[in-house]
Amino acid sequence: MNLKPLAKPLLYLAITGGIALVVAVLWVAYTEHRARSAAQSFCAAVKPGEAEAALLTRALAAGADAAHTRVVQPLVGPRWLAATFLGYTPASRHLCVVTVEAGLAKDSHYEYE
């Protein structure tokens, strides 16, 4: 069996597959970096005393995911706003968590889920 006629197509397939893999890895790295940077930038811009409603609007304008960004009222403890910036998948969540008391921001910090 002569494999020489298959050598070029297999080489092209291997090169194309390698390029596709590199592009995919770079895309994942880029989307994760973008989400992390957006969440950290949003947290850095939160000032104590800002209104909760204004923060929610600003988070959505900054690119936070509307389906996962919300104000949470636990049974015990203060309310908090979870501004969620998604990475490569919806399971990769970069959060800016803002503690809210009396409708005003108290503090904020970055988390990754």
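Note that the structure is a prediction, hence the values are computed from the model and not measured.

Draft legend 1. Layout of the packing of aromatic side chains. Under the criterion given, the structure shown has 2 aromatic pairs. With a centroid separation of 5.5 Å and 40° between ring planes, the pair formed by W27 and Y30 is classed as tilted. Of this pair, W27 and Y30 both sit in helix 1 (residues 4-45), 3 residues apart, which is roughly one turn of the helix. Where F42 meets F85, the ring centres are 6.3 Å apart and the plane angle is 50°; that geometry is what we call tilted. With F42 in helix 1 and F85 in strand 2 (residues 79-86), the pair connects residues that are 43 residues apart, well separated along the chain. Judged by relative accessible area, F85 falls into the buried class, the value being 3%.

Draft legend 2. Highlighting the side chain of H94. Examined against the element boundaries, H94 turns out to sit in strand 3 (residues 93-101). Looking at H94, the relative accessible area reads 3%, which means it is buried. A polar atom in the side chain of H94 sits 2.8 Å from the side chain of E32. What H94 contacts, discounting residues up to four positions off in sequence, is E32, A35, R36, A39, A83, T84, F85, G87, Y110, E111 and Y112.

Draft legend 3. Representation of the state of the cysteines within the structure. Scanning the entire structure with this criterion turns up 1 disulfide. Between the sulfur of C43 and that of C96 lies a disulfide, 2.1 Å long from S to S. Its S-S torsion of approximately 120° makes the covalent link between C43 and C96 right-handed. Taken as a pair, C43 in helix 1 and C96 in strand 3 lie far apart in primary sequence, 53 residues in all. The same class applies to C43 as to C96, namely buried.

Draft legend 4. Representation of the pattern of salt bridges in the model. The final tally for this structure, using the stated rule, is 4 salt bridges. A salt bridge links E52 to R79; the nearest nitrogen and oxygen atoms lie 2.6 Å apart. Here E52 is found in helix 2 (residues 52-61), whereas its partner R79 is found in strand 2, with 27 residues between them in sequence. Overall, E52 belongs to the buried group, its relative accessible area being 16%. Put simply, R93 and E113 hold a salt bridge, and the shortest N to O gap is 3.6 Å. Of this pair, R93 sits in strand 3 while E113 is found in the segment after strand 4 (104-112), placing the two residues 20 residues apart along the sequence.

What counts, and where the lines are drawn
- Residues numbered from 1 in each chain as written.
- Predicted model: local features only at pLDDT ≥ 70, side-chain atom pairs only at ≥ 80, totals over all residues.
- Heavy atoms only, no water.
- Phe/Tyr/Trp six-rings, centres within 6.5 Å; stacked < 30°, edge-to-face > 60°.
- Helix = DSSP H or I, 4+ residues; strand = E, 2+ residues; numbered from the N terminus.
- Buried < 20%, exposed > 50% of the residue type's maximum accessible area, 1.4 Å probe, protein only.
- Polar contact = N/O pair within 3.5 Å; in protein donor to acceptor, adjacent residues only side chain to side chain.
- Contact = heavy atoms within 4.5 Å.
- Disulfide = S-S within 2.5 Å.
- Salt bridge = Lys/Arg side-chain N within 4 Å of Asp/Glu carboxyl O.

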